[in-house]
Amino acid sequence: MKKSTFVSMILGTMGGILFALGMCMALITEWNAFRQGVILGVIGVAVLLIMVFVWRKMEHKAPIQVSGKTIGASLIGIAGALLLGVGMCLTMVWSHMIVGIVIGIAGIVVLLCLIPFIKGLK
């Protein structure tokens, strides 16, 4: 395993756990830890962003070019993840099974559309 892969794996795991725990703390009202959860979630996002920059530096890659395609791909990814999450919440939390499944499948389709958008069709 390359050193850059190992470092990004460790930072990605730490950032993901911090972000997930922070969001749980913020969104589960029984825990009464909204402010601490938001802080922990922001720390997790910061660690994940640092991971991207560290990995690119260790791989000797050029900085990320911000273009319309990059912004579009990010927006499609965010929309797909939100649709999938809303579908899961509708199904598991609010017991709206059919609507939740339909919205969740729509989110999966949107996320699958990222592949041809980024890689292109040949």
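Residues numbered from 1 in each chain as written. Predicted model: local features only at pLDDT ≥ 70, side-chain atom pairs only at ≥ 80, totals over all residues. Heavy atoms only, no water.

S.K.: Quick question: what am I supposed to make of the state of the cysteines here?
M.R.: In the structure shown here, the tally under the stated rule is zero disulfides. Its sulfur unpaired, Cys 24 is 11 Å from the next cysteine sulfur, which belongs to Cys 89. Overall, the relative accessible area of 35% leaves Cys 24 in the partly exposed class. (Disulfide = S-S within 2.5 Å. Buried < 20%, exposed > 50% of the residue type's maximum accessible area, 1.4 Å probe, protein only.)

S.K.: Whenever I open this one, the environment of Ala 81 confuses me. Can you help?
M.R.: When you line up the elements, Ala 81 lands in helix α3 (residues 68–92). Separated by 25 residues in the primary sequence, Ala 81 and Ala 106 place their C-alpha atoms 10 Å from one another. (Helix = DSSP H or I, 4+ residues; strand = E, 2+ residues; numbered from the N terminus.)

S.K.: Which parts of the structure should I look at to understand the confidence of the model for the chain?
M.R.: If pLDDT is low for a region, its predicted coordinates should not be looked at in detail. Residue-level pLDDT values for the chain average 93, and 100% of them are 70 or greater. The lowest-confidence element of the chain is helix α5 (residues 114–119), averaging 93 in pLDDT; the highest-confidence one is helix α4 (residues 97–112), averaging 96. (pLDDT = per-residue confidence, 0-100.)

S.K.: In this structure, what is going on with the pattern of salt bridges? I would like to understand it.
M.R.: Side-chain pairs of opposite charge can arise whenever the charged atoms involved come near each other. On inspection of all chains with the given rule, the structure shows one salt bridge. Close ionic contact of Lys 2 with Glu 59 constitutes a salt bridge, the shortest N to O distance being 3.0 Å. With a gap of 57 residues between them, Lys 2 in the segment before α1 (3–27) and Glu 59 in the loop between α2 (34–58) and α3 connect regions that are remote in the sequence. (Salt bridge = Lys/Arg side-chain N within 4 Å of Asp/Glu carboxyl O.)

S.K.: Where do I start with α4 in this structure?
M.R.: What sets the pattern is the α-helix's 3.6 residues per turn: residues three or four places apart point alike. Over its 16 residues, α4 extends 22 Å from the first C-alpha to the last, a length consistent with the 22 Å expected when each residue adds 1.5 Å. Burial in α4 covers these residues: Gly 100, Gly 104 and Gly 107. Buried residues in α4, looked at end-on, bunch into an arc of 55°, giving them a common side. Within α4, the exposed residues directed more than 90 degrees away from the buried face are Ile 98, Val 102 and Leu 112. (Expected span 1.5 Å × (residues − 1). Arc of directions from axis to C-beta.)

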